[in-house]
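A closer look at the structure
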Amino acid sequence: MSDSSRPNLWRRLPLWQKILGGLALGILAGALMGKDASAFKPLGDIFINAIKMLIVPLVFSTLVVGITSMRDPQKMGRIGGKTIALYLLTTAFAITIGMLASSIFQPGAGVDFSFEKGMDAKEAPSLVQILVDLVPRNPIDALANGNIMQIIVFAIGIGISLIMIGDKGEPVVRVFDSFAEVMYKLTEFVMAFAPFGVFGLMAHVSGNYGMDVLLPLAKVIGVAYLASILHVLVVYSGLLALLGKLNPVRYLRGILDALVVAFSSASSSGTLPISIRCARKNLGVSEGVSGFVLPVGATINMDGTAIYQGVVALFIAQLTGIELSMMDYGMIVLTGTLASIGTAGVPGAGLIMLSIVLSQVGLPLEAIAVIAGIDRILDMARTTVNVAGDLMVTTLVGKSEKELDFEIYNAPHKQ
Ligand code: ASP
């Protein structure tokens, strides 16, 4: 193309606008075509497969590069400490906001549902088992199965060992470095397809969840969405402004791509490649910090899931007329926080973990059946918050480690 020829409209539109366009058109197609809109689902499946293709090699190489670029295990420990503390803090806020919203708006009052008895809630793993399973018995197996937590543990081990052996590790460091660059490029290619993928996913969801599925439970959906939006706008923006002295609008603007992909895919692990890209390109967080904080967040930081546990637990208590004591509320905060940590970043995982919270406070597990019908709609909101939370903590940690490029963060135009 010669310099004088103007690129066509498609090329001129920034990616985030194309993705939002795909989202809106997808919803429209679903509304007009109903279940027939599922014909577009393969577009979404291709997109999701392509992102999944990126996850293991991208996470593994960026983690190793991130750790070796810190050159100092102590610094890693410090970043790890800050990361975990912020993740826990925001999650406890999240579940409290969820419970408050449910207490105020009482979404379960006056709703009449008979439970399908005998629905077997899937067995949730015990917390000790979650800890034991962090260590991979076979790293190749962990890589092959995409077990992110085990991959993180293995990559941290490799990264620290590389730092310890100094010059001898240089060739391997360079290989990982170059491989991570390759994966960033591949992420760009996959993102170019995002508008079509998001269109396909949304057409399917909107075509299959018509008003007849949504209306009876509209109130609990509304409360969950409201609590989610409040959490992002108040807690995340507040923490960024207060602790980071950063403009939250720039953060929200910079993470839009990741939010739309999270919303339409309902998978925070699946969104990880996009989150890493947003953190580096739009928020200006260093490779070292984003490569470490984001994969950890995508596995353990689930604020949206915590909000959901709080909203739904109280909703079920209201539905069944079970009175909860102060002790029960405390128990919901504790188990909800732990359950959210154990939730995998894949669609529907939060619904399974809900059984931990419900059984701790003696609420009927059969009530999960009521929620299951609309879980995808709730999942989209909670995944979006999960991803927003990871990116907020990444920004704060980057800022506190002086690994945030203000020029990129404050740039009005994001890619
Ligand atoms: N789908 C959520 C996520 O990927 C997890 C959940 O189901 O709560 O973040």
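Residues numbered from 1 in each chain as written. Predicted model: local features only at pLDDT ≥ 70, side-chain atom pairs only at ≥ 80, totals over all residues. Heavy atoms only, no water.

Focus: the overall build of the protein
Secondary structure assignment for the protein yields 21 helices and 0 strands. In terms of overall dimensions, the protein is globule-like: its C-alpha atoms have a radius of gyration of 21 Å, near the 22 Å expected for 415 residues. With respect to the three principal axes, the spread of C-alpha positions in the protein is 65 × 55 × 45 Å. The proportion of buried residues among the 415 residues of the protein is 52%. In the protein, the proportion of contacts linking residues at least 24 apart, taken out of those at least 6 apart, comes to 86%. Total accessible area on the protein is roughly 18,100 Å²; 66% of this is exposed by carbon and sulfur atoms. Of the side chains in the protein, 29 bear a positive and 29 a negative charge, and the two mean positions are spaced by 9 Å. (Helix = DSSP H or I, 4+ residues; strand = E, 2+ residues; numbered from the N terminus. Rg over C-alpha atoms; globule rule 2.2 N^0.38 Å. Buried < 20%, exposed > 50% of the residue type's maximum accessible area, 1.4 Å probe, protein only. Contact = heavy atoms within 4.5 Å. Areas by Shrake-Rupley, 256 points an atom, 1.4 Å probe, with all protein chains shown as cover. Lys, Arg positive; Asp, Glu negative; His and termini not counted. Charge placed at Lys NZ, Arg CZ, Asp CG, Glu CD.)

Some thoughts on the packing of helix α4 (residues 73-105) against helix α11 (residues 218-242)
In a packed pair of helices, the relevant descriptors are the angle between the two axes and the axis-to-axis distance. Put simply, α4 and α11 touch, their axes get as near as 9 Å, and they point 140° apart. On the basis of the axis angle, α4 is oblique to α11. α4 and α11 meet at a crossing whose hand is right-handed. Facing Thr90, Phe93, Ala94, Ile97, Gly98, Ala101, Ser102 and Phe105 of α4, the residues of α11 in contact are Lys219, Val223, Leu226, Ala227, His231, Val235, Tyr236 and Leu239. Residue classes in the contact of α4 with α11 are distributed as 11 nonpolar, 4 polar and 1 charged. (Axes fitted to C-alpha atoms, helices over the stretch in contact; angles between N-to-C directions. Parallel < 35°, antiparallel > 145°, perpendicular 65-115°, else oblique. Left-handed = near helix turned anticlockwise from the far one by under 90°. Nonpolar A, V, L, I, M, F, W, Y, C, P; charged D, E, K, R; others polar.)

What about the site of the ligand?
Around the ligand sit 17 residues in total, of which Ser268, Thr305, Gly350, Asp379 and Arg382 are the nearest. Between the ligand and Thr305 there is a distance of 2.7 Å, counted from an oxygen atom to a side-chain nitrogen or oxygen. Protein burial of the ligand: of its 270 Å² of free accessible surface, 100% is covered by the chains. Of all elements in the fold, only α18 (349-360) and α20 (375-400) reach the threshold of two or more residues within the shell around the ligand. In terms of residue count, the dominant contributor to the shell around the ligand is α20 (4 residues). Here the residues of the shell around the ligand sort into 6 nonpolar, 9 polar and 2 charged. (Near = heavy atom within 4 Å. Polar contact = N/O pair within 3.5 Å; in protein donor to acceptor, adjacent residues only side chain to side chain.)

With respect to the packing of helix α3 (residues 41-70) against helix α14 (residues 268-281)
Two elements in contact, α3 and α14, have axes whose closest approach is 8 Å; the angle formed by their N-to-C orientations is 60°. The angle between α3 and α14 falls in the class oblique. Between α3 and α14 lies a crossing whose hand is left-handed. Only Ser269, Gly270, Leu272, Pro273, Ile274 and Ile276 of α14 make contact with α3, whose side of the interface consists of Ile51, Leu54, Ile55, Leu58, Val59 and Thr62. Of the residues in the contact of α3 with α14, the class split is 9 nonpolar, 3 polar and no charged.

As for the environment of Ser206
For Ser206, the location among the structural elements is in helix α9 (residues 194-208). Along the primary structure Ser206 and Met327 are separated by 121 residues, whereas in three dimensions their C-alpha atoms are 40 Å apart. Here the side chain of Ser206 touches Ala31 through a polar contact of 3.3 Å, landing on its backbone nitrogen.

Observations concerning the side chain of Lys18
Take Lys18: it is sitting in helix α2 (residues 15-33). Despite its burial, Lys18 remains without a salt bridge, the nearest opposite charge being carried by Asp257 at 10 Å. The contact partners of Lys18, leaving out residues within four places of it in the chain, are Trp10, Leu13 and Pro195. (Salt bridge = Lys/Arg side-chain N within 4 Å of Asp/Glu carboxyl O.)

Quick notes on a nonpolar patch on the surface
On the surface, Leu100, Ile104, Phe105, Leu226, Ile229, Leu230, Leu233 and Val234 cluster together to form a nonpolar patch covering roughly 750 Å² of accessible area. Going through the elements one at a time, α4 and α11 are the ones with two or more residues in the nonpolar patch. Among the elements that line the nonpolar patch, the one with the most residues is α11, at 5 residues. Counting through the fold element by element, Ile229 comes out in helix α11. (Patch = residues over 30% accessible without salt bridge, like charges linked within 9 Å, V, L, I, M, F, W, Y side chains within 5 Å.)

A word on the nonpolar core
In terms of nonpolar packing, the biggest core is built from 120 residues, with Tyr251, Phe292, Ile332 and Leu391 touching the most fellow members. It is α3 that provides the largest number of residues to this core, a total of 15 residues. Beyond its immediate stretch of four places on either side in the chain, Tyr251 contacts Tyr236, Leu240, Leu283, Ala388, Gly389, Leu391, Met392, Thr395 and Tyr409. (Core = buried A, V, L, I, M, F, W, Y, C linked by side-chain atoms within 4.5 Å.)

It is worth stressing that arrangement in space is one thing and function is another; only the former is reported here.
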